[in-house]
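One-letter residues, chain by chain:
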Amino acid sequence: MSFLRPKFITSTFSSKKRKRKNSESNSFNIKGLTSELDEKKDNLSKEESTSVDNDEKITWADDHEIFEKDLVSNFGKWKELSDLDRLNVLGSPKEDRARILAAKFSNTVDEIMTELGSKAELDYFDDFELSENPTKIIPLRLIHSFSCLPLKEQTEGRVQLITVWPPTNRMSRWIYAVSGHKPVWSLGSPEKIIRAITENFGIGADSLDDSDLDFEDDDDGQDDLEDQNAAIIRFVNEVVQKAIVDRATDIHFEPHKETLQIRYRIDGQLVPVRVPDNLRSFQDAIISRIKIMAGINISEKRRPQGGRITFTHGQSDLDIRVSTLPTLYGESISLRLLNEKSQPLSMAELGLSSTSESKIGSVLEKPHGIVLVTGPTGSGKSTSLTAFIRKIHKPERRIMTVEDPVEYEVAGINQTQVNAEIGFNFASALREILRQDPDVIMVGEIRDRETADIAIRASLTGHLVLSTLHTNDAPGAITRLIDMEIEPFLIASSVEMVIAQRLVRRLCMECCEPTKMSESDLMASLALLEIDPKEVAHIDSVRDAKGCPNCQNLGYRGRVGIFELMRMSDSIHSLVIKSASAPDIREVALKEGMSTLQGSGWQQIKRGLTTIDEVIRYSDGAIEDETDILNTQERSI
Ligand SMILES: [Zn+2]
């Protein structure tokens, strides 16, 4: 791999200077600050004539540039901070400083930025329009180093810039040096600015900027290699960190002929990640880096391999499961992020309407019987079961579970995990659990006849059993059990309720807007969903997704369930005993008022929780095509 690429800006941005910055930032001290202040004073007078020839004085050592003197006296909050806190703020990246101060003073970031702006005599914009061609105005290197972007509105002879923290004179001099114009600074929301930089230039563009990795002279070769390794490590960390912030459950690195594609799965949907244009040239190094992190043999490239990474993010450790697969243009790598802290939800948080909730609630109060939740992988079945368990959890009930694996820990519940390697499967675990005097048993999944048989017998002998089945709709669960050679009369007398479910994406509340659909379009969609056309009268409550910084411009944030509830009524009971087909059972259930997935979806649309598109997409079984190879485990909502 060669890094002989054209330099980005000028020769002053050599890797040597970058190194100086790194070493200085490690040994931050007050003395350094004072000399820097003096240097600023010196340069103030020369401001007008400042140009690139000031090279020696303008170094990159301003990671910890001092809070401007007058600002310190103006910004009252600064005085309230201890020395240690001040060092902590100045030692953090510029874009994080307002957030740290906000947490310290129990303010919002907006409030801190507004106050900072007024003390520094800079405008603060909550909302702003950015130049469409930022690198035509200032180089990428400065955009990253200063966390700033040119605004859309530019005045003749000046450069209008927005940044995340009051700028220093040094920043102004650099802008002047590269653009030939004096900057006019304003402050903006750090989160929005950083997001805009990532969206424009790709994640990690700073880390992989070629100008960092050039061979300036031969003596420096070894150091440059170290620089490159550091850049790759930084890049991979940035990709994982952004995934965590964006609430992704998976990260995929996919080598193609021309590009290395990176995609996140967020709320069940694949979302391409904007990456630097030169990413392909770092492919091998990136893949090796992930393999090293996961403890995988890096020289083995022909066989699929698996490993684990423990990634430290803030205070918590995140467990990441890594899988590699050789493909045409290199190894494809998938990371599954297992968030240990995923919180179990309540029934209302699942998106159940109050009527559905009370219907399910009444069944859960029974001392025996089976309640089944069905749906494809990733439809949130175990999330629902956990919510049910939490609802019925009382000191006088002994609740035991067997899961694969335990996804949510619930206090006060006895949770067991199957272990295929030692032959401890659902059936054998269930048999052991029955010896432990449980009242309620939750079985992660019924996959085979043996498990089905024990579960049904347990429910007939005075236990409430909750479990899941992999079928598309509620009536399908009955025929699946019959296919497993369970006697129909046993099914009829044990199953109390079957709930089919899907997860649809939840509208982002910050940006959703009234629908632009015409009444006739909505009529057509309602027909597709088999909903009463009269419902078109509710068009005013229908919302469309838009996209904003809060939802990574996806228009959705989080997910909400849609449900099909089937009670075992007398007529369905007799159909089951006769081994009737699923469509026949369905027909009767619908006549008796079973809510369908589509119907439930429409209710969620009317509640302003999701969109017509989402419901159409998920209620026809399309979700099944989207489950990924790795997926052996339910994802949390
Ligand atoms: Zn939004």
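**A closer look at the overall build of the protein**
Right, on to step 1. Scanning the protein from terminus to terminus reveals 24 helices and 19 strands.
Right, on to step 2. Within the protein, the fraction of its 637 residues that count as buried is 52%.
Right, on to step 3. Taking as baseline every contact in the protein between residues at least 6 positions apart, the subset at least 24 positions apart corresponds to 68%.
Right, on to step 4. Just so you have it, the protein exposes about 29,300 Å², and 48% of that area is on carbon and sulfur atoms.

**Brief notes about the packing of helix 21 (residues 570-577) against helix 22 (residues 582-591)**
Right, on to step 1. Across the interface, helix 21 lies against helix 22 with an axial gap of 10 Å and an inter-helix angle of 175°. As summarised for this structure, helix 21 and helix 22 are arranged roughly antiparallel, according to the angle between their axes. Together, Ser-571, Ile-572, Leu-575 and Val-576 of helix 21 and Asp-584, Ile-585, Val-588 and Ala-589 of helix 22 make up the contact between the two elements.
Right, on to step 2. Of the residues belonging to the contact of helix 21 with helix 22, the class tally is six nonpolar, one polar and one charged.

**Brief notes about the coordination of the zinc ion**
Right, on to step 1. Protein coordination at the zinc ion: the donors are Cys-508 (SG), Cys-511 (SG), Cys-548 (SG) and Cys-551 (SG), at 2.3 to 2.4 Å from the metal.
Right, on to step 2. Between consecutive donor residues of the zinc ion, the sequence gaps follow C-x2-C-x36-C-x2-C. With Cys-508 in the loop between strand 16 (495-507) and strand 17 (513-514) and Cys-548 in the loop between strand 18 (543-544) and strand 19 (556-567), this pair connects stretches of sequence that are 40 residues apart.
Right, on to step 3. Judged by its relative accessible area of 12%, Cys-548 is buried.

**Describing the sheet that holds strand 2 (residues 148-150)**
Right, on to step 1. The mixed open sheet is built from four strands, whose spatial order is 1-4-3-2. The open sheet has two free edges, formed respectively by strand 1 (123-125) and strand 2, since each of these has just one partner strand. Averaged over all pairs of adjacent strands, the angle between their axes in this sheet comes to 40°, without regard to strand direction.
Right, on to step 2. Both strand 3 (residues 158-163) and strand 4 (residues 182-188) contribute to a ladder of six bridges, which runs parallel. Residue pairing across strands places Gln-160 opposite Val-184, the latter belonging to strand 4.
Right, on to step 3. Contacts from helix 7 (residues 109-119) reach strand 1 and strand 4, with the element oriented near 145° to strand 4.

**Concerning helix 16 (residues 426-434)**
Right, on to step 1. If you check which residues of helix 16 are buried, you get Phe-426, Ala-427, Ser-428, Ala-429, Leu-430 and Ile-433.
Right, on to step 2. The inward-facing, buried residues of helix 16 abut strand 12 (399-403), strand 13 (414-417), strand 14 (440-443) and helix 17 (449-460).

**Observations concerning the pairing of strand 8 (residues 305-313)**
Right, on to step 1. Across nine bridges, strand 8 lies against strand 9 (residues 316-327) in antiparallel orientation. Bridged to Arg-308 within strand 9 is Arg-321.
Right, on to step 2. Between the end of strand 8 and the start of strand 9, which pair antiparallel, lie two residues, with Gly-314 showing a positive phi angle near 60°.

**Overview of unusual backbone geometry**
Right, on to step 1. The omega torsion of the bond from Asp-404 to Pro-405 falls at -10°, within 30 degrees of zero and hence cis.
Right, on to step 2. The backbone of Glu-121 shows a phi angle near 55°, a positive value even though the residue is not glycine.
Right, on to step 3. With respect to the helices and strands, Glu-121 occurs in the loop between helix 7 and strand 1.
Right, on to step 4. Residue Glu-121 is classed as exposed on the basis of its relative accessible area, which comes to 74%.
Right, on to step 5. A positive phi angle, near 65°, is found at Glu-485, a position not held by glycine.

**Details of the nonpolar core**
Right, on to step 1. Judged by nonpolar contacts, the single largest core of 41 residues is most densely connected at Leu-372, Ile-478, Leu-481 and Met-566.
Right, on to step 2. In this structure, Leu-90, Ala-98, Leu-151 and Ile-193 belong to the second largest nonpolar core, which totals 38 residues.

**Some words on the sheet that holds strand 12**
Right, on to step 1. Ordered in space as 13-12-14-15-11-16-19, the seven strands form an open sheet in which the pairing is mixed. Edge strands, defined here as strands with exactly one partner in the open sheet, are strand 13 and strand 19. Along the sheet, successive strands turn relative to each other by an average axial angle of 20°, direction set aside.
Right, on to step 2. In terms of strand pairing, strand 12 meets strand 14 through four bridges, oriented parallel. Bridge pairing links Met-400 to Ile-441 in strand 14.

**A closer look at the confidence of the model for the protein**
Reading predicted coordinates in detail is not appropriate for stretches of low pLDDT.
Right, on to step 1. Taken residue by residue, the protein gives an average pLDDT of 81. The fraction at 70 or more is 82%.
Right, on to step 2. Scored below 50 in pLDDT, residues 622-637 shows 60 contacts in the model against residues more than four places distant or in partner chains.

**Section: helix 20 (residues 519-528)**
Right, on to step 1. Of all the residues in helix 20, the buried ones are Leu-522, Ser-525 and Leu-526. The buried residues of helix 20 occupy an angular sector of 100° when projected down its axis, which confines them to one face. Every exposed residue of helix 20 that faces more than 90 degrees away from the buried side is listed here: Ser-520, Ala-527 and Leu-528.
Right, on to step 2. Positive phi shows up at Glu-530, right after helix 20, with a value of about 55°.

What counts and how
Residues numbered from 1 in each chain as written. Predicted model: local features only at pLDDT ≥ 70, side-chain atom pairs only at ≥ 80, totals over all residues. Heavy atoms only, no water. Helix = DSSP H or I, 4+ residues; strand = E, 2+ residues; numbered from the N terminus. Buried < 20%, exposed > 50% of the residue type's maximum accessible area, 1.4 Å probe, protein only. Contact = heavy atoms within 4.5 Å. Areas by Shrake-Rupley, 256 points an atom, 1.4 Å probe, with all protein chains shown as cover. Axes fitted to C-alpha atoms, helices over the stretch in contact; angles between N-to-C directions. Parallel < 35°, antiparallel > 145°, perpendicular 65-115°, else oblique. Nonpolar A, V, L, I, M, F, W, Y, C, P; charged D, E, K, R; others polar. Donors = N, O, S within 2.8 Å, 3.2 Å for Na, K, Ca; no water. Pairing = 2+ DSSP bridges. Core = buried A, V, L, I, M, F, W, Y, C linked by side-chain atoms within 4.5 Å. pLDDT = per-residue confidence, 0-100. Arc of directions from axis to C-beta.

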